[in-house]
Amino acid sequence: MTDQTAAGPLTTEAGAPVADNQNSQTAGAGGPGLIQDQHLIEKLAHFNRERIPERIVHARGAGAYGTFTVTADVTPYTRAKFLSEIGKETEVFLRFSTVAGNLGSADAVRDPRGFALKFYTEEGNYDLVGNNTPVFFIRDAIKFPDFIHTQKRDPYTGSQEADNVWDFWGLSPESTHQVTWLFGDRGIPASYRHLDGFGSHTFQWTNEDGEVFWVKYHFKTDQGIKNLTSEEAAVLAGQDPDSHQRDLRVSIENGDFPSWTVQVQIMPANEAATYRFNPFDLTKVWPHADYPPITIGKLELNRNPENIFAEVEQSIFSPHHFVPGIGPSPDKMLQGRLFGYGDAHRYRVGINADHLPVNRPHATEARTHGRDGVMYDGRHGGAKNYEPNSFGGPAQTGRPLWEPVTVTGTTDGHATPSHAEDDDFVQAGNLYRLMSEDEKERLINNLAGFIAQVSRDDIAERAIENFRRADEDYGKRLQTAVQALRG
């Protein structure tokens, strides 16, 4: 039998020993409970507050720690120290997630997968917050709340509604490319280990000489791509809702550490203005023939969190967490996320969420003049809380993390600029034509099964027309399939 006294006595939150953890205090043997029972009141009050608001999106997730190792010289492109020499290792934390589902939803569902990576660098934490797809449904952050509202539960029915989803996608033709990804074979990964990750957005790299390059990140799974059919996923989601989380945890426990080959596409800044696609449009990729991916590193996950709530649920990621030599681009979705993610975590976890072990810098120390607020740990002692000061406090460096971008024109609600070959359908059509006949058949069946649930013909027809504009065969086959299902 385990000796329960080996660790010392059970105590209250204040450290006082607990005499009885089996029976609450009452007024007599059969009487009502007493408010003076501090241990009972403390336990119930703490239990009521054990959860924080779940993420609006990416609520359902799993994470692990690991290392990123540089395998190629990228100093001609960036001055970021964690990328400064071949063989250099940086600790990382990676959180995978679904997007639309609630915290208790199943893993094996058709949904994009979040791929949020925190590098604990010596210059501060660098967060790369992407997905398992290289593109997204929309290109402007002002549409993001509306988009997510269509993916979540309808305020009247309390369920996700096909009418809402396809009404929005049909009226937002820029979504055609990502929808083709989502309803293709990669829409339901078999596990978190068997998917690719992407930074998705375009980012700025700057070298020591101040030269600017635009980059896109790719994380290619070394386990190989492995997916589930809709039928396989429906069975697995019912039998084991935690399938992806369990697979990741068990593989690391068994020493079967998942890894990814890290690649970047690099575009000299002076080529952006004349590139055939807008390089800052999140609904577009840079074809590999134009900018071949360059292998720069290896990502490995090798340590599980000790506590899911503390390290996965309370982990925070924000694309505005940059380090010297890396910065944002004019991508309008990225620009919105620079605010949105940090603000979500300030609301959800608290203003001092970055004090938690999983979020604070591991390879350096945060030195700020921020004080107080919920969860403040008193780390600054009696140090002054302003800058500049004459008492040895931390001061500005005078060197920006990234290079400025030249802008011109009037302040207004501008649409994303179009380049020579930009439209909302060309890359979706290219993706469709790359598929094998079997892949096309599964794509059509997946789309048709969902569109057939739409209650209004005009919404269904508008959705189908977007795919027809991507490829005539694509639209024709989809229309036939939907009509067969709708009778």
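Now for a look at the structure at hand.

Definitions and cut-offs
- Residues numbered from 1 in each chain as written.
- Predicted model: local features only at pLDDT ≥ 70, side-chain atom pairs only at ≥ 80, totals over all residues.
- Heavy atoms only, no water.
- Core = buried A, V, L, I, M, F, W, Y, C linked by side-chain atoms within 4.5 Å.
- Buried < 20%, exposed > 50% of the residue type's maximum accessible area, 1.4 Å probe, protein only.
- Helix = DSSP H or I, 4+ residues; strand = E, 2+ residues; numbered from the N terminus.
- Contact = heavy atoms within 4.5 Å.
- Phe/Tyr/Trp six-rings, centres within 6.5 Å; stacked < 30°, edge-to-face > 60°.
- Lys NZ or Arg CZ within 6 Å of the ring centre and 35° of its normal.
- Polar contact = N/O pair within 3.5 Å; in protein donor to acceptor, adjacent residues only side chain to side chain.

This next bit is on the nonpolar core. With 41 residues, the main nonpolar core has Trp166, Trp169, Phe183, Leu447 and Leu478 as its most contacted residues. Elements that contribute at least two residues to this core include exactly α2 (144-151), α3 (162-171), α4 (176-182), α9 (426-434), α10 (437-451), α11 (457-470) and α12 (472-486). What phenylalanine 183 contacts, discounting residues up to four positions off in sequence, is Arg110, Trp166, Trp169, Arg442, Leu443, Asn446, Leu447 and Phe450. Judged by nonpolar contacts, the second largest core, of 38 residues, contains Leu94, Ile296, Ile326 and Leu338.

In the structure shown here, the tally under the stated rule is 37 aromatic pairs. For the ring pair phenylalanine 119 and tyrosine 126, a centre distance of 5.6 Å and an interplane angle of 20 degrees mean the geometry is stacked. Like tyrosine 126, phenylalanine 119 is buried. With a centroid separation of 6.1 Å and 70 degrees between ring planes, the pair formed by tryptophan 205 and tyrosine 217 is classed as edge-to-face. Within this pair, whereas tryptophan 205 is found in strand β6 (residues 203-206), its partner tyrosine 217 is found in strand β7 (residues 212-221), the two being separated by 12 residues in sequence. You can call tryptophan 205 buried: its relative accessible area is 0%. Taken together, the ring pairs in this structure connect Phe136, Phe137, Phe144, Phe147, Trp166, Phe168, Trp169, Phe183, Tyr432, Phe450, Phe467 and Tyr474 into an aromatic cluster. Taking NZ or CZ as reference, lysine 118 lies 4.9 Å from the ring centre of phenylalanine 317, over its face. Here the guanidinium or amino end of lysine 384 rests over the ring plane of phenylalanine 391, the centre of that ring lying 4.7 Å away.

On to the side chain of glutamine 427, then. In this structure, glutamine 427 sits in helix α9. A residue is classified by how much of its surface remains accessible, and glutamine 427, at 6% relative accessible area, is buried. In terms of polar contacts, glutamine 427 uses its side chain to reach the backbone amide nitrogen of valine 285, at 2.7 Å.

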